[in-house]
Amino acid sequence: MRLTLLAAASALAVLAGCASVQPPSQALIHTHAPAKNIIFFLGDGMGINTLTAARIYAVGEEGELTLDTLPESAFVKTFSNDAQVTDSAASMSAYMTGVKVNNNVLSMSSDTPATAPALDAAGNRLAGRCATGRPVATLAELARQRGMSVGVVTTTRVTDATPGAVFAHVCHRGMENDIAAALVPGGAGYNAALGARGLDVLLGGGSAHFTPSAKGGKRSDGRDLLAELAAQGVRTVADSAQLRAVDTSASAPLVGLFAAHDLSFDSMRDAAQQPSLPEMAGKAIGILANNPKGFFLVVEGGMIDLALHNSNARRALQETVVFDNALKAAIAQMRAIDPDLKNTLIVATADHDHSLLLNGYARRTGKTTPAEPGVLGLMRRVDNNEIKLDADGAPFTIIGFGAGENRVRGSRGAAPHLTSAQVSADDYRQEAVVRTEPGYETHSGTDVYLGAVGAGAARFGGTIDNTRVFELIKAAAGW
């Protein structure tokens with residue numbers, strides 16, 4: 001009996017000693033050099049179901065997107081300060097500042113109420129009227145304090161909520177003229193925390209908020225912000241050819257606005273006018289990487305969100321694949337600069353989920369091709385591949401939405417039956433459980449996926465709050 005107790009005591013002592021040894025991933029956290037370059041990829045609205053459907057759409061059930069290959073991963077909680085289901089403004093603000101803010105607020109203190117803009121002189125609801133609250137520092141501003149270059153790339157308006165949270169501080173995302181003004185050094189409303197010359201790279205849409213009303217824009221103050229930027233030596237481009245011609249070895253800042261509002265869906269864009277997300281991200285990296293002190297870059301796939309609000313699954317999946325291609329290209333580009341990514345951290349995540357769902361027990365479809373709709377098609381039985389019918393005797397799609405504009409009233413059996421050609425069309429809007437106004441399918445409060453690779457990536461794991469992402473990026477950078 002004594003020998004048994006002694007053996008047990010010895011075993012406990014060994015286990016106690018082991019408990020003080022860090023797991024390999026934790027040990028790596030402290031041995032890697034700080035990340036000098038940080039790229040934050042944000043798929044707007046790219047929830048787990050959308051990501052899964054996009055994988056099946058592009059490469060089949062057994063395939064892998066680049067997002068699937070990132071070595072470190074986590075789940076991220078997305079609730080905002082005042083809402084169970086966040087909007088893009090509050091979620092991106094949490095990523096950029098580490099502070100929970102109210103829905104519609106951009107990078108302000110948590111006690112800032114969302115105050116909708118008033119009418120401006122032109123009758124547009126764009127005039128700011130913030131009464132309380134204070135700005136809180138963003139990752140972009142912290143990077144600038146350390147002499148790093150900073151860039152923002154998006155497929156939406158550069159003044160939209162997600163990109164705006166990187167560099168502006170307003171009490172409502174609708175104040176897009178004020179968000180634009182925050183980018184112009186020396187001008188009224190400039191965000192001085194961006195330094196003497198502002199952002200180094202800004203690419204996307206939204207030129208209307210930089211252009212006076214007299215020239216067809218939305219600014220009632222008469223300012224031409226692009227002209228003001230050009231007068232300060234900022235390079236401005238307006239189409240794909242001009243962007244391709246930009247010399248990445250030059251140090252002057254670059255602003256490229258390729259549409260008055262959002263860019264087009266990638267499958268519909270005029271390639272001569274609007275560059276792709278991979279093209280814009282690649283050009284941005286080429287410019288920012290010249291700084292020996294490193295850079296901070298945000299790349300947003302913003303049209304994923306717009307397609308989902310339209311309950312248009314095909315466009316959403318296409319945009320997710322484009323986002324994934326941009327991530328793949330950026331990793332390859334950075335490996336050419338920093339082969340083992342010893343000085344580079346790349347994080348890819350989403351700001352919130354949407355109500356897209358994958359209906360149960362579908363037969364495996366493989367990827368979508370011109371001949372086969374794949375995951376965009378009708379539900380088929382696993383045993384015999386016949387179209388499965390609902391309780392009303394009608395076919396239904398594999399992909400649906402919890403909310404959306406297309407909801408059959410009454411029995412689905414009485415409506416014309418869906419066909420594969422109909423439901424796989426480019427602009428088909430999937431059926432929803434809850435009917436909304438057109439374009440107003442809703443966000444979801446479900447956790448989102450985060451993947452990371454490179455310096456400090458091992459810090460990411462488990463289920464974390466979106467504000468924690470800010471802290472982990474700072475820690476990886478050694479700030």
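Residues numbered from 1 in each chain as written. Predicted model: local features only at pLDDT ≥ 70, side-chain atom pairs only at ≥ 80, totals over all residues. Heavy atoms only, no water.

Draft legend 1. Just the nonpolar core, in detail. Counting 119 residues, the largest nonpolar core has F40, F41, F296 and F460 as the members making the most contacts within it. Take this core: its biggest share by element is 11 residues, from helix α13 (residues 313-337). (Core = buried A, V, L, I, M, F, W, Y, C linked by side-chain atoms within 4.5 Å. Buried < 20%, exposed > 50% of the residue type's maximum accessible area, 1.4 Å probe, protein only. Helix = DSSP H or I, 4+ residues; strand = E, 2+ residues; numbered from the N terminus.)

Draft legend 2. Summary view of the pairing of strand β9 (residues 295-301). Counting buried positions over the seven residues of β9 gives seven, a clear majority of the element. In β9, alternate side chains face the same way, and those of F295, L297, V299 and G301 on one face and F296, V298 and E300 on the other are all buried. For strand β1 (residues 37-43) and β9, the ladder comprises seven bridges, and the chain directions are parallel. Following the sheet pairing, G43 is matched in β9 by G301. (Pairing = 2+ DSSP bridges.)

Draft legend 3. Molecular detail of the environment of V166. Tracing the backbone shows V166 in helix α7 (residues 161-167). Once residues lying within four places of it in the same chain are set aside, the contact partners of V166 are M92, M96, T138, A140, V152, F296 and V298. (Contact = heavy atoms within 4.5 Å.)

Draft legend 4. Up close: the side chain of T112. When you line up the elements, T112 lands in the loop between α5 (88-97) and β3 (118-119). Take T112: its relative accessible area is 0%, and that puts it in the buried class. In terms of polar contacts, T112 uses its side chain to reach the backbone carbonyl oxygen of S109, at 2.9 Å. Setting aside chain neighbours within four positions, we find T112 in contact with N102, V105, T132, G133, R134 and C171. (Polar contact = N/O pair within 3.5 Å; in protein donor to acceptor, adjacent residues only side chain to side chain.)

Draft legend 5. Fine view of the packing of aromatic side chains. Counting across every chain of the model gives two aromatic pairs. Ring centres 5.8 Å apart and planes at 75° place the aromatic pair F41 and F323 in the edge-to-face group. In this pair, F41 is assigned in strand β1 and F323 in helix α13, connecting sequence segments 282 residues apart. Both residues of the pair, F41 and F323, belong to the buried class. Its guanidinium or amino end placed over the ring of F79, K100 lies 3.5 Å from that ring's centre, counting from NZ or CZ. (Phe/Tyr/Trp six-rings, centres within 6.5 Å; stacked < 30°, edge-to-face > 60°. Lys NZ or Arg CZ within 6 Å of the ring centre and 35° of its normal.)

Draft legend 6. Layout of the layout of surface pockets. In this model, the largest pocket occupies a volume close to 510 Å³. Counted by class, the lining of the largest pocket contains five nonpolar, 10 polar and eight charged residues. Computed from the structure, the second largest pocket encloses a volume of approximately 280 Å³. Sorting the residues of the lining of the second largest pocket by element identifies β13 (399-404) and β14 (432-435) as the ones contributing at least two each. Residue classes in the lining of the second largest pocket are distributed as six nonpolar, four polar and five charged. (1 Å grid on protein atoms, 1.4 Å probe; cavity = no way out; pocket = protein on both sides within 12 Å on 5 of 7 lines; lining within 4 Å. Points joined across faces, edges and corners; volume = space filled by probe spheres on them. Nonpolar A, V, L, I, M, F, W, Y, C, P; charged D, E, K, R; others polar.)

Draft legend 7. Expanded view of the state of the cysteines. The final tally for this structure, using the stated rule, is one disulfide. The disulfide bridge from C130 ends at C171, spanning 2.1 Å between sulfur atoms. Judged by the sign of its S-S torsion, about -90°, the cystine formed by C130 and C171 is left-handed. Of the two residues, C130 sits in the loop between β4 (125-127) and α6 (139-145) while C171 sits in the loop between α7 and α8 (176-181), which places them 41 residues apart along the sequence. Given the relative accessible area of 36%, C130 is considered partly exposed. The exposure class assigned to C171 is buried, which follows from its relative accessible area of 1%. (Disulfide = S-S within 2.5 Å.)

Draft legend 8. Quick peek at helix α11 (residues 277-288). The first and last C-alpha atoms of α11 sit 16 Å apart over 12 residues, in line with the 16 Å expected at 1.5 Å per residue. Counting buried positions along α11 gives 10 out of 12 residues, so the element sits mostly inside the fold. Every buried residue of α11 is listed here: L277, M280, A281, G282, K283, A284, I285, G286, I287 and L288. (Expected span 1.5 Å × (residues − 1).)

Draft legend 9. Inspection of the sheet that holds β14 at higher detail. With respect to topology, three strands assemble into an open sheet ordered β12-β13-β14, the strand pairing being mixed. Strands with a single pairing partner mark the edges of an open sheet, and in this sheet they are β12 (356-358) and β14. Each strand of the sheet is rotated relative to its neighbour by a mean of 25°, with strand direction disregarded. When β13 meets β14, the two strands line up parallel, connected through three bridges. Across the sheet, residue A403 finds its bridge partner in β14, namely V434. Strands β12 and β13 of the sheet are contacted by helix α3 (residues 48-59), whose axis makes an angle of about 55° with β12. (Axes fitted to C-alpha atoms, helices over the stretch in contact; angles between N-to-C directions.)

Draft legend 10. Up close: the sheet that holds β9. If you walk across this open sheet you meet the 10 strands as β7-β8-β6-β5-β9-β1-β10-β16-β2-β17, and the pairing is mixed. Because the sheet does not close on itself, it has two edges, and the strands there are β7 (235-237) and β17 (463-465). Direction aside, neighbouring strands of the sheet carry axes that sit 15° apart on average. As paired strands, strand β2 (residues 72-77) and strand β16 (residues 448-454) are joined by five bridges and run antiparallel to one another. What sits directly across from F75, in β16, is Y449.

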